[in-house]
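# Architecture at a glance
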Amino acid sequence: MVLENRPGANGVVGAEVVAKAPADGYTLLMMGTSVAAINPHTLRRPPYDPLRDFAPIGTIAETPYVLAVPPDAPGEDFAGWLRAARGRDLGLGYGNAGGQIMGAMLADMAGLKLTLVPYRGSTEALTDVSTGRLDVTFADFGMGMQQAEAGRIRALAQSLGHPFPLSPNVPPMANSLPGFDASVWFSMVAQAAVPPPVLTQLEAALGRVLTDRDFAAKLTGHGLAPMRMTAAEFGLFLQRQLALWGQRVKLAGIEPQ
């Protein structure tokens, strides 16, 4: 297997390459939440359609966002922080569309007054939270937990609707905000016209990899939990995610660019 990084435009460059690749099953795409479910709603003319241009093979892993606040933020836990936060004007930093959407969801579901502050990247927002210049941000799991373990920030909760096995002490936001559920997930897809027998072989190969303990250990080492769905299950999941994130983009007031 040859890994070819095609960075640019929040994953659009790589996705377009695979969408136009030969339909022989030799060119695959590692497709995540942004490429599959957010970009189609934030781009005015996306060069690919996640449902039309790709054939699902299966999911690989998921990870949450971490709600990060300054070390001296009020409240012993997420519920306590919410009680203290209501009625205040808070600044929430974000470095990408996912963070902006998370902020809008939090404000809507918790009834908070949040001013969304854009940053060039989530690292800068997390730094300002650690110094108290910013009230709250949503951080990538690995980066957020690293900062929390160093005592620079507090990781009050995580965005999955269920407990995350890699952080049992960081509760789901849904415990205090029922229905809050958002994840960063990763999957494997092929060009849409790849023959079904080839897709079946690829699905079986991915399934074998996901049962390998060494591979699972590598995932967890990067803050990812294995997430296994069949091609059929993933196809339905993708449809639901595309519709769900479309609603969230509208909630965040993001205009297609």
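The structure we're discussing is the one just above.
To continue, consider the packing of aromatic side chains. Enumeration over the complete set of coordinates arrives at five aromatic pairs. Look at Phe 78 and Trp 81: their rings are 6.3 Å apart centre to centre, the planes differ by 15 degrees, and that puts the pair in the stacked class. Here Phe 78 and its partner Trp 81 are both found in helix H3 (residues 78–85), three residues apart, which amounts to about one turn of the helix. On the basis of relative accessible area, Trp 81 is assigned to the buried category, the value being 3%. Of the aromatic side chains, those joined through ring pairs into one cluster are Trp 185, Phe 234 and Phe 237. One Lys or Arg, Arg 248, reaches over the ring of Trp 245 and ends 4.8 Å from the middle of that ring.

For the rest of this paragraph, the subject is the packing of helix H2 (residues 33–42) against helix H9 (residues 231–251). One can describe the packing of H2 onto H9 by two numbers: an axis separation of 9 Å at closest approach and a directional angle of 45 degrees. Comparing the axis directions of H2 and H9 gives the class oblique. The interaxial crossing formed by H2 with H9 has right-handed handedness. From H2, Thr 33, Ala 36, Ala 37, Ile 38, Pro 40, His 41 and Thr 42 reach across to H9, where they touch Leu 238, Gln 241, Leu 242, Trp 245, Gly 246 and Val 249.

Let's shift gears to helix H1 (residues 12–19). Along H1, the positions that sit buried rather than exposed are Val 12, Gly 14, Ala 15, Val 18 and Ala 19. Along the axis of H1, the buried residues cluster in a sector spanning 165 degrees; they form a single face. Buried residues along H1 sit against strand S1 (28–32), H2, strand S2 (54–69) and strand S7 (183–191).

Reading the values: the criteria
Residues numbered from 1 in each chain as written. Predicted model: local features only at pLDDT ≥ 70, side-chain atom pairs only at ≥ 80, totals over all residues. Heavy atoms only, no water. Phe/Tyr/Trp six-rings, centres within 6.5 Å; stacked < 30°, edge-to-face > 60°. Helix = DSSP H or I, 4+ residues; strand = E, 2+ residues; numbered from the N terminus. Buried < 20%, exposed > 50% of the residue type's maximum accessible area, 1.4 Å probe, protein only. Lys NZ or Arg CZ within 6 Å of the ring centre and 35° of its normal. Axes fitted to C-alpha atoms, helices over the stretch in contact; angles between N-to-C directions. Parallel < 35°, antiparallel > 145°, perpendicular 65-115°, else oblique. Left-handed = near helix turned anticlockwise from the far one by under 90°. Contact = heavy atoms within 4.5 Å. Arc of directions from axis to C-beta.

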